Amino acid sequence: MTTAERVERNQKDERDERDEREQDTGRGVSRPTPTPTPVAVPAARATGCPFDPAPDVQRAHREEPITRATLWDGSSCWLVTRHQDVREVLGDPRFSADATRPGFPFLSAGAGEVADSAPSFIRQDDPEHARLRRMLTADFMVKKMEAMRPEVQRLADELLDRMTEGRQAADLVREFALPLPSLVICRLLGVPYDDHEFFQKRSGILLGLHSTAEQVRTARDELQDYLRQLAESKRREPDEGIVSRLVARGELDDTAIASMGLLLLVAGHETTANMTALSTLTLLRNPDQLARLRAEPSLIKGAVEELLRYLTIVHNGLPRVADEDVTIGGRTIRAGEGVLCTLNTANRDEEIFPGGATLDVGRDARRHVAFGFGVHQCLGQPLARVELQIALETLLRRLPGLRLDIPFEEVPFRHDMGIYGVHALPVAW
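Since we're looking at a predicted model, the values are computed, not measured. (Residues numbered from 1 in each chain as written. Predicted model: local features only at pLDDT ≥ 70, side-chain atom pairs only at ≥ 80, totals over all residues. Heavy atoms only, no water.)

## A look at the packing of helix α10 (residues 196-207) against helix α11 (residues 213-236)
Here is the rule we go by: For helices, the fitted line uses only the C-alpha atoms of the stretch in contact; every axis is such a line through C-alpha atoms, and the angle between N-to-C directions lies from 0 to 180 degrees. Numbering of helices and strands runs from the N terminus; a helix is a DSSP stretch of H or I covering at least four residues, while a strand is a stretch of E covering at least two. In this scheme the handedness of a crossing depends on how the near helix is turned from the far one: anticlockwise by less than a right angle means left-handed, clockwise means right-handed. The contact definition used throughout considers only heavy atoms, calling two residues in contact when any of these lie within 4.5 Å. Here the term charged refers only to Asp, Glu, Lys and Arg, the term nonpolar to Ala, Val, Leu, Ile, Met, Phe, Trp, Tyr, Cys and Pro, and the term polar to all other amino acids, Gly among them.
As a packed pair, α10 and α11 sit with axes 9 Å apart at the nearest point and diverge in direction by 145 degrees. Crossing hand, α10 versus α11: left-handed. Contact residues: F198, F199, R202, S203, I205 and L206 in α10; Q215, V216, A219, R220, E222, L223 and Y226 in α11. Here the residues of the contact of α10 with α11 are counted per class, giving 8 nonpolar, 2 polar and 3 charged.

See below:
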């Protein structure tokens, strides 16, 4: 089903739902009434603190935690905002992650385009999801990621050496936050880092909420072609990277390997890069928490979990579609209806995290859902934790005078992207 066909189907489902409600009302049947003002998703962020969930999503969380939302194409889905309800949806196999199913909610035209032609295992259900994921599990085990600490630390120090040599100011995104995870994921995959500008530019298009379907199609095709050629080269000259190992397994063709590589390459640098920069900015805006972390460096691991909870860079929700009628939090979600689980409101839920709107680097934040929940939770989270812990500890230790080099109001937040963060972060020291 193409994106255009999916839009038409969603709009028809909306008309049918309205007609059914009207008929039930005439027969005296009581049905849940959606909120009269559905939340527009992606939600506008013109007001409020840029570290917080969008104001309309916060309002929904307070007033009607399971409510209706309107998507970019005029269709609607359910918005699930509470911690318990989010975990129930993401942990229930009756909610499908299969992006080809009618009713699956997309946040942009471009997102639908990728799902139509280059599906990854995060957009598939078991058993196929589990089969493909198992091919990568050993590569991201906690023990293996912990063993990479010396290498990640060396890269972090080298980047800071270059950034600070003869200077007292720089863009932290361009010179540290982005290259660190990019170097690491390139080494894990066996991708030449010299090509980083090529894949970073196209990654930005794939994640852009305003990218057209044509732009996304072109960027996706170029990345797919690049990774197919890389797989062919690994067949001739194998190395120890993930792409080479997938080729050697012989279970996937080069197109499937390219799709898997694309997911890892994009997610492997975009997420950690944005968490690193946004976390740094957040600490600079919370000097009491920054001072505590500098005074007690043993808090760094817990502080990373708290920053993951507090910031939750997947700001627009994880999408699912119901395979059958399911009741969540007193609401019946019908088969074929889409759902967006807003991780950022779940991570600010006062029932789970009292005072959740406040950053506390001493908090036990281990129940956060920043990496998702259930069988689809982030495969690369052990690597992300190692990278974030090293990046933040190294920045705080080596740059005691670190400060923002522009007014906070001029920081270019990524309101236009599927992964939240900042486009640039000018700092001085």
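From this point on, the discussion continues.
## Here we look at the pairing of strand β3 (residues 76-80)
Selection criterion: Note on exposure labels: buried denotes an accessible area under 20% of the residue type's maximum, exposed denotes more than 50%, and partly exposed covers the range between, all computed with a 1.4 Å probe on protein chains only. A pair of strands is labelled paired if DSSP reports no fewer than 2 bridges between them.
Counting buried residues in β3 gives 5 out of 5 residues, a clear majority hidden from the surface. The pairing of strand β2 (residues 66-70) with β3 spans 5 bridges and is classified as antiparallel. Counted as the bridge partner of I66 is V80 from β3. In sequence, β2 turns back onto β3 through a hairpin of 5 residues, with G74 there showing a positive phi of about 90 degrees. Sheet topology note: the β3/strand β9 (residues 338-341) ladder contains 3 bridges and is parallel. Pairing of W78 across the sheet is with V339, part of β9.

## A few points about the sheet that holds strand β1 (residues 39-40)
Reading across the sheet, the 6 strands line up as β1-β2-β3-β9-β6-β4 and stay open at both edges, with mixed pairing between neighbours. At either margin of the open sheet sits one strand with a lone partner, and together these are β1 and β4 (95-96). Both β1 and β2 contribute to a ladder of 2 bridges, which runs parallel. Counterpart to V39 in the pairing with β2 is A69. Relative to β9, helix α3 (residues 83-91) is tilted by about 130 degrees, and along the sheet it contacts β2, β3, β4, β6 (318-322) and β9.

## Quick look at the side chain of E175
Condition: Counting of polar contacts relies on pairs of N or O atoms within 3.5 Å, with two restrictions inside protein: one atom must be capable of donating a hydrogen and the other of accepting it, and residues adjacent in sequence are counted only when both atoms are side-chain atoms.
The residue E175 is located in helix α8 (residues 172-177) in this model. Of the polar contacts made by the side chain of E175, one reaches the side chain of R167; its length is 2.5 Å. In contact with E175, other than residues within four places in its own chain, are L159, M163, R167 and A170.

## Here's the deal with the pattern of salt bridges
Just so we agree on the cut-off: Here, a salt bridge means any side-chain nitrogen of Lys or Arg that lies within 4 Å of a carboxyl oxygen of Asp or Glu.
For the structure shown, the criterion picks out 34 salt bridges. Ionic pairing is found between R348 and D52, a salt bridge with its closest N-O pair at 3.0 Å. Taken together, the residues R348 in the loop between α16 (343-346) and α17 (381-398) and D52 in the loop between β1 and α2 (55-63) connect sequence positions 296 residues apart. The class of D52 is buried, set by a relative accessible area of 15%. A salt bridge links D139 to K144, with the nearest nitrogen and oxygen atoms 3.7 Å apart. The class of D139 is buried, set by a relative accessible area of 6%. Each member of the salt-bridge network shares a partner with another, and the members are D98, R101, D125 and D323.

## Here's the deal with the sheet that holds strand β11 (residues 426-428)
Spatial ordering of the open sheet is given by β5-β11-β10, a layout of 3 strands whose pairing is antiparallel. Two strands bound the open sheet, and with one partner strand each, they are β5 (169-171) and β10 (403-404). In the sheet, β10 pairs with β11 via 2 bridges, with the strands oriented antiparallel. What sits directly across from R403, in β11, is A428.

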